[in-house]
Amino acid sequence: MNILLTGGTGLIGRALCRRLLTEGHQLTVWSRRPAEVPSLCGAQVKGVAELEQLDGQAFDAVVNLAGAPIADKPWTAKRKAELWESRVSLTEQLVQWIGRQSEKPAVLVSGSAVGWYGDGGSAEITEQSPPRSEYTHTLCDAWEAAAKRANSYGVRLCIMRTGLVLATKDGFLDRLKLPFKLGLGGPIGGGEHYMPWVHLDDVVSLIVWMLQTPDCRGPYNATAPHPATNREFVRALGKALHRPAFIPLPGFVLKLALGEMSRLLLTGQRALPAKAEAEGFSFKYPHLDKALAAVT
């Protein structure tokens with residue numbers, strides 16, 4: 001296939017490019033830094049700064065993974081505007097460009113996050129679960145709404161509500177490893193909130209599966225089948241790193257330090273990939289211990 005990607009230089013995007021190149025696909029990445037695309041994504045991958053450079057070219061599929069990191073900086077008004085621009089506004093621009101093309105792609109796989117559900121507590125969350133109204137839901141819902149406009153152009157749409165991605169480097173795990181290696185790891189807050197984790201390899205395989213399965217459409221939870229509470233997660237991480245995991249990080253400290261963004265660390269979702277599994281997708285890393293062993 002001839003595939004256009006956004007967010008191709010990010011963690012998931014780079015891994016996806018490597019996978020798609022091995023399968024013989026032709027890739028183009030829309031990026032703010034197109035000159036860096038070949039070194040980050042593969043020498044065969046073309047980088048472009050403007051979508052208009054691609055007018056008239058026929059793409060079989062589009063994968064939209066762009067989005068500024070949500071946990072890198074406190075959620076000031078300026079940062080919220082950046083998060084909106086990099087997700088909602090960019091997706092609107094992408095879909096508008098698709099609509100102007102005489103030959104439309106057959107499928108758009110567009111990113112979102114399990115934050116769409118808000119704080120799910122201990123309840124099992126499937127794609128049929130209703131959301132709780134809070135900032136992450138507002139952001140993800142607008143992001144998904146922008147992508148849904150592709151339906152009006154006859155483009156098959158799959159939305160990927162991604163959890164916490166486990167990777168060897170550059171993922172959220174990097175931030176947890178240092179305190180653990182110093183013997184300072186432990187549960188966050190009460191430790192009972194769920195962490196909807198997923199291995200990077202499974203995220204990439206899920207995207208490829210969506211591209212290649214014509215019946216796939218709508219939202220999918222990109223999370224492993226066995227989510228863990230924060231306490232279970234840090235215990236498993238400590239075991240994988242051969243380090244203790246008993247020093248708690250009080251919730252009030254995070255609230256003072258991070259403000260509203262502390263909810264990312266103090267709340268979660270017991271999100272299950274019910275739809276993907278029901279439609280035949282199989283996870284390589286369904287269990288946390290084996291997933292952590294592969295990335296630590």
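Residues numbered from 1 in each chain as written. Predicted model: local features only at pLDDT ≥ 70, side-chain atom pairs only at ≥ 80, totals over all residues. Heavy atoms only, no water.

1. Looking at the pattern of salt bridges
Step number 1: In this structure the tally under the stated criterion is 13 salt bridges.
Step number 2: Taking the shortest distance from any N to any O, the salt bridge between R14 and D170 comes out at 2.8 Å. Linking R14 in helix 1 (residues 11-22) with D170 in the loop between strand 8 (164-166) and helix 5 (173-181), this pair joins segments that are 156 residues apart in sequence.
Step number 3: A relative accessible area of 18% places R14 in the buried class.
Step number 4: We classify D170 as partly exposed; its relative accessible area is 46%.
Step number 5: A salt bridge links E144 to R161, with the nearest nitrogen and oxygen atoms 2.8 Å apart. In this pair, E144 is assigned in helix 4 (residues 135-148) and R161 in strand 7 (residues 156-162), connecting sequence segments 17 residues apart. (Salt bridge = Lys/Arg side-chain N within 4 Å of Asp/Glu carboxyl O. Helix = DSSP H or I, 4+ residues; strand = E, 2+ residues; numbered from the N terminus. Buried < 20%, exposed > 50% of the residue type's maximum accessible area, 1.4 Å probe, protein only.)

2. Points about the packing of aromatic side chains
Step number 1: Summed over the entire model, instances satisfying the criterion amount to seven aromatic pairs.
Step number 2: Between W75 and Y135 the ring centres are 4.9 Å apart and the planes differ by 55°, which places this aromatic pair in the tilted class. You can see W75 sitting in the loop between strand 4 (61-64) and helix 3 (77-100) and its partner Y135 sitting in helix 4, a full 60 residues away along the chain. Each member of the pair, W75 as well as Y135, carries the same accessibility label: buried.
Step number 3: With 5.0 Å between their ring centres and 90° between their planes, F281 and F283 make a pair best called edge-to-face. (Phe/Tyr/Trp six-rings, centres within 6.5 Å; stacked < 30°, edge-to-face > 60°.)

3. Quick notes on the packing of helix 5 against helix 7 (residues 230-241)
Step number 1: Contact geometry of helix 5 with helix 7 gives a least axis separation of 11 Å together with a crossing angle of 65°. The angle between the axes of helix 5 and helix 7 places the two elements in the roughly perpendicular class. In this structure, the crossing between helix 5 and helix 7 has a hand that is right-handed. Counting all contacts with helix 5, which are made through L173, L176, K177, F180 and K181, the residues of helix 7 involved are F233, V234, L237, G238 and L241.
Step number 2: Each residue belonging to the contact of helix 5 with helix 7 can be placed in one class, and the counts come to seven nonpolar, one polar and two charged. (Axes fitted to C-alpha atoms, helices over the stretch in contact; angles between N-to-C directions. Parallel < 35°, antiparallel > 145°, perpendicular 65-115°, else oblique. Left-handed = near helix turned anticlockwise from the far one by under 90°. Contact = heavy atoms within 4.5 Å. Nonpolar A, V, L, I, M, F, W, Y, C, P; charged D, E, K, R; others polar.)

4. Focus: the UniProt feature "domain: NAD-dependent epimerase/dehydratase" (unreviewed entry) in the protein
Step number 1: Under the UniProt annotation, the feature "domain: NAD-dependent epimerase/dehydratase" (unreviewed entry) is placed at residues 3-216.
Step number 2: In the segment residues 3-216, helix accounts for 36% and strand for 19%; the C-alpha atoms at its two ends are 17 Å apart. (UniProt positions renumbered as here; feature names shortened; annotations may be inferred.)

5. Remarks on the nonpolar core
Step number 1: Counting 37 residues, the largest nonpolar core has L16, I207 and L211 as the members making the most contacts within it.
Step number 2: The element contributing the most residues to this core is helix 6 (residues 200-212), with nine residues.
Step number 3: For L16, the residues in contact, after removing those within four places along its chain, are L5, V63, L65, V204, I207 and V208.
Step number 4: One finds W30, F59, V95 and A150 within the second-largest nonpolar core, a separate group that totals 19 residues. (Core = buried A, V, L, I, M, F, W, Y, C linked by side-chain atoms within 4.5 Å.)

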